[in-house]
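Each chain is listed here by its residues.
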Amino acid sequence: MNRTPDPRPPRRDPGRRLAAGLLAAALTAALSPALAAPAAAAPTDWTSLNTSFVERDGARLVLDGETFRFSGPNIYWLGLDENVGGVDYPTAFRIADTLDAAARMGSTVVRTHMMTSTGQDGANPLAIMPSLGQMNEEAFATIDFAIAYAGKLGIRLVLPLTDEWEYYHGGHRDFTTPYGLTSADFYTDERPIAAYQAYVDAILRRTNALTGVRYTEDPTVMAWELGNELEGMTAPWIERQVAFIKERAPQQLVAAGRRFDIDSDTLSAPGLDIVDVHYYPPTVARVSADAATVTAAGKVYLAGEYASTAASPALLEPLVADPNVTGMLFWSLFGNNDRGGLVPHDDGFTIHAPGATDAERARVSAIAAYAAAIGAVPAAPAVGTPLITAVDRADGINTVRWRGAGGAVSYRIERTIDGTSWTPVETGALAADAGSATDFASPVGAVYRVVALDAAGAVASVSDQVATEADTRVLVDPLESWLLTEAHDGANITPRADGTRVVAADDGASVTWKQDRLSAASFLVSGSTVVESSPDGSTWETAATEVGVGGAVVARDLVGPYLRVTLAAGAELSRATIWSAVDAPSGPPAAFASISPAAGTVDVTATPTFTWEPSVGAAYYRLTLAQQADLGNPVVVVDGIGTTSITPTVSLTPGQRYWWSVAAVNGAGTTASSTGAAYFLMKTLPSESIVVDDFESYADDAALQAAYVRNTGGGAITPTLATNPDTGSQAMTAAYDLAGPGYAGIVRTFQTPQDWWGHTGLVFWVQGTPGDDVTVQFVTHGTYWETVAPIEREGWQRVAIPFSDFASPAWAGEAAFDPTSVTQLGFYLGGEGAGTLLVDDVATTVAAVEPEPGTGQPGTGQPGAGQPGTAGDTGTGAPASDLARTGLEAAPWIVVALALAATGGLLLIRARRRAH
């Protein structure tokens, strides 16, 4: 039964109207059963689902007598985070939200670097060991919570104890540099060995402050890893450290591994349980081969890191049937940000679940399917509850901001005026990464809530309500960090399984905020509380307070900007909601003008970026784009634009004239651009193909080799001129040897970028070993696109591939397709062995027109054995569009190819040799 009262403010005299509205909002928030302050501090139930230890049985793991295989993520930042505007401890919300996300993906194991937390000379004061031999008790708070919460979910942990690399959380050099030693001395000198062991011993002896369980006695800790990607381990060092840990943690496992291959010393190390191997990128062949090597040595195989961009059915489905593969842990998982949106982390391998893009959702789905297929199916947590973090008001318009709900696929903002009828706010689609939305109507007295939706579009959860008044902004502080506070004294943030509390010390506590034009506040609190406000932070005035239903303490008529709440000993505070006054708009926005595209612009090849001057007093802008001068029947209207430029996501018709205009809006009215509607003309589609390279212009081999330069990181490859016997024209042949690096390639750089706008695809001739795959790849404006066509037969074959078959490769990230600047052409082969690849007549295609091979002129060829065929015919009886589009199986030479890409773009034709 919903006991939330009518959130509308009662109508009183004008001087009391604001305070009454705030009181109603405070009461509304206080009645949320999930967040209402407890009557008294009660112990949290930290009962773990992990009641048995995972054990090793030869080359496999077992749990309660059954084989234990697992899937999961790396969540490296659970102890100390670099993604919070600097280095700081993550909030309990972020830890729980991301572990929940892992569980929804079927994860039963998580690898995290939270025990890798060291520094030198106090340079990393938040670390477990800020300086050699110094331990920081405060650093264990987030670690204790992460272990306790993982246990409640049935998730187990792999915990590296140091790191090869000098990242923000420290590494093994923190044990050598203080002694004036080198990195290699970490494994041989007794001083760093003793310092490392002292650090490890302190961790192993710790008792979790939340659960009361010693780390070494907690089945949630599945394995201690000697370090992350340690490159210099020796057999004596491994044996010694394994014995040191096993003596102190006999029920837990020990892992070790280096970066990109198997450390041979780990295979023979007595007592070592798990060999950890990392892949950027992984392939089925390499994972299976490594797993076979590890299990043959009697060790358990773990892919401790693999590039999440490679997560796909093609990679994971074959590994389901491979019993040697015990664990697959992708890099890496992030969740919702504390104040809204998703946590940004730009290392190229970030996943948010359930995902904000089609590509991300596909990866999450593939990982979840793999977990289910190997039998790793933990109970999925329910979708979380969104939290409105602010209602900002500028120039008479409200913007609602919220913290996302774990597991939500999308959101809907709703408002009510009468407290009973809820109406969706017209915001457009709000995807999983949304964290704010503008209410273009912003009626006075609106009460807002955020609705989280699941994959089926059904309501999964609803936020608490937040009420507004005319010309006020609202700030909600869940008090899970000190981010929004000005000061605090004697107050401790205490995470619990059901939410975070600020708990006062034995002699009381205080928390202070600073908000300009402060007017009122409410608090979810238990225990004795005094609310004060101050104009200067030194002279304080006690505010009159009321206790609302559910225990909310409401303070009104505050003097600002300082707000302080004082808590008696043992009192708990779980949320503060603060209202502040803002200026009302004095009138409609000021006059302004449109800038670009200027009226009369022609030959526009892509949806333009529309720009305009700023308008003083504008809360937001509205763009209208239409095919008629009066802007009737618009193609698109974009509302709520917060900047003075936008590139709308709409496809425009070549050869079509468009008109556009922009208007500035605030709560008092609308002002149209002084330049009115301006038109531009899209470029007409091309009628002729572009010859990318027909190899006719090279006088000799030296000229060809000057143009096509070998990638020095790869194997031997030499381009020379040859004759295409089917056409009599000149072609390129490339003799290669893939020994060593496993790839070879040559790249040509165009002096003038090629513009492929309006063209429909690419066509080329190729001859190679049947079974090889030719991957055509190009980069335009710094973005990569690729697809694959196999060589199916002997002799020349002609392949036509539409641009619609191209996609951004997983390792390159998603991008908008704009093929207007291509500056390089390359040919690569990957795999094993030696051979020769021949290529001829690379060209673009246009609608129903292709160049005649060897001439660069439009024409049609006749299909036949070894003869050119019509567009889309490979000479095998199957159209090119039906050729297997299996996607490039990622290999190490991809990374090298990235380094070769110049600014502008790259066309790369690459062949991958299949296993025969």
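Just so we're clear, the structure is a prediction, and the values are computed from it rather than from any experiment.

The rules behind these values
- Residues numbered from 1 in each chain as written.
- Predicted model: local features only at pLDDT ≥ 70, side-chain atom pairs only at ≥ 80, totals over all residues.
- Heavy atoms only, no water.
- Axes fitted to C-alpha atoms, helices over the stretch in contact; angles between N-to-C directions.
- Helix = DSSP H or I, 4+ residues; strand = E, 2+ residues; numbered from the N terminus.
- Parallel < 35°, antiparallel > 145°, perpendicular 65-115°, else oblique.
- Left-handed = near helix turned anticlockwise from the far one by under 90°.
- Contact = heavy atoms within 4.5 Å.
- Nonpolar A, V, L, I, M, F, W, Y, C, P; charged D, E, K, R; others polar.
- Pairing = 2+ DSSP bridges.
- Salt bridge = Lys/Arg side-chain N within 4 Å of Asp/Glu carboxyl O.
- Buried < 20%, exposed > 50% of the residue type's maximum accessible area, 1.4 Å probe, protein only.
- Core = buried A, V, L, I, M, F, W, Y, C linked by side-chain atoms within 4.5 Å.
- Expected span 1.5 Å × (residues − 1).
- Arc of directions from axis to C-beta.
- Phe/Tyr/Trp six-rings, centres within 6.5 Å; stacked < 30°, edge-to-face > 60°.

Asker: Mind laying out the packing of helix α4 (residues 190–204) against helix α5 (residues 235–248), listing which residues take part and the relevant values?
Answerer: If you want to describe how two helices pack, look at the angle between their axes and the distance between the axes. Contact geometry for α4 and α5: axes closest at 11 Å, N-to-C directions at 25°. Taken together, α4 and α5 sit at an angle that is classed as roughly parallel. Where α4 crosses over α5, the two elements pack in a sense that is right-handed. In contact with Glu190, Ile193, Tyr196, Gln197, Val200, Asp201 and Leu204 of α4, α5 contributes Trp237, Arg240, Gln241, Phe244, Ile245 and Arg248. Here the contact of α4 with α5 is composed, by residue class, of 7 nonpolar, 2 polar and 4 charged.

Asker: I'd like a description of the side chain of Gln241, backed by residues and values.
Answerer: Locating Gln241 in the fold gives a position in helix α5. In this structure, Gln241 is in contact with Ile193, Tyr196, Gln197 and Leu226, ignoring residues within four places of it in sequence.

Asker: I'd love a proper account of the sheet that holds strand β2 (residues 60–63), names of residues and values included.
Answerer: The strand order across the open sheet formed by 3 strands is β1-β2-β3, and the pairing between neighbours is antiparallel. Across the chains shown, the open sheet's two edge strands, defined by having one partner strand only, are β1 (55–57) and β3 (66–67). Of the strand pairs in this sheet, β2 and β3 are connected by 2 bridges, and their pairing is antiparallel. Bridged to Leu63 within β3 is Glu66.

Asker: So what's going on with the pattern of salt bridges? Residues and values would help.
Answerer: If you walk through the whole model with that rule in mind, you get 35 salt bridges. The shortest N-O distance in the salt bridge between Asp273 and Arg56 comes to 3.3 Å. Separated by 217 residues along the polypeptide, Asp273 in the loop between α6 (264–268) and β9 (274–279) and Arg56 in strand β1 bring together distant segments of the chain. A relative accessible area of 4% means that Asp273 is categorised as buried. Across the salt bridge formed by Glu166 and Arg173, the nearest N and O atoms sit 3.7 Å from each other. Look at Glu166 and you get exposed, because its relative accessible area is 60%. The buried category is assigned to Arg173, whose relative accessible area is 19%.

Asker: Explain the packing of helix α8 (residues 313–320) against helix α9 (residues 358–373) residue by residue, including any values.
Answerer: It is at 9 Å that the axes of α8 and α9 come closest, and there the two elements cross at 5°. By the angle class used here, α8 and α9 are roughly parallel. Contacts between α8 and α9 involve Pro313, Leu316, Leu319 and Val320 on the former and, on the latter, Ala366, Ile367, Tyr370 and Ala373. Within the contact of α8 with α9, the residues separate by chemical class into 8 nonpolar, no polar and no charged.

Asker: Residue-level account of the environment of Ser421, with values.
Answerer: As for its position among the elements, Ser421 is in the loop between β16 (410–416) and β17 (423–424). Setting aside anything within four residues of it in sequence, one finds Ser421 in contact with Arg415 and Thr416.

Asker: Can you break down the sheet that holds strand β40 (residues 645–646) residue by residue, with the values?
Answerer: Pairing in this open sheet of 3 strands is antiparallel, and the strands run β35-β37-β40 from one edge to the other. A single partner strand is all that each edge strand has here, and the edge strands are β35 (594–596) and β40. In the sheet, strand β37 (residues 610–612) pairs with β40 via 2 bridges, with the strands oriented antiparallel. Looking across to β40, one finds that Thr611 is bridged to Ser645.

Asker: I'd like to hear about the nonpolar core, residue by residue, with values.
Answerer: In this structure, Met115, Trp224, Trp237 and Ile245 are the most contacted members of the largest nonpolar core, which totals 92 residues. Considering every element that reaches this core, the biggest residue donor is helix α3 (residues 140–153), with 9 residues. The contacts of Met115, once residues within four sequence positions are left out, are Ile128, Ile143, Ile147, Leu159, Pro160, Leu161, Tyr199, Ile203, Tyr215 and Trp224. Within the second largest apolar cluster, 36 residues are counted, among which are Val692, Leu721, Ala744 and Phe778.

Asker: Outline α5, supporting the account with residue identities and numerical values.
Answerer: Its 14 residues place the ends of α5 20 Å apart at the C-alpha level, agreeing with the 20 Å of an ideal helix rising 1.5 Å per residue. Those residues of α5 not exposed but buried are Trp237, Ile238, Gln241, Val242, Phe244 and Ile245. Down the axis of α5, the buried set is contained in an arc of 160°. They therefore lie on one face. Residues of α5 that are exposed and point more than 90 degrees away from the buried face comprise Pro236 and Glu247. Buried residues belonging to α5 abut α4, β7 (221–225), β8 (253–256) and α6.

Asker: Could you give me a rundown of the packing of aromatic side chains, with the residues and numbers involved?
Answerer: For the structure on display, the rule yields 42 aromatic pairs. Between Trp46 and Phe145, the aromatic rings sit 5.7 Å apart at their centres with planes inclined by 90°, giving edge-to-face as the arrangement. Placement of Trp46 in the loop between α1 (14–30) and β1 and of Phe145 in helix α3 is noted, with a sequence separation of 99 residues between them. For the pair formed by Trp46 and Phe145, the shared burial category is buried.

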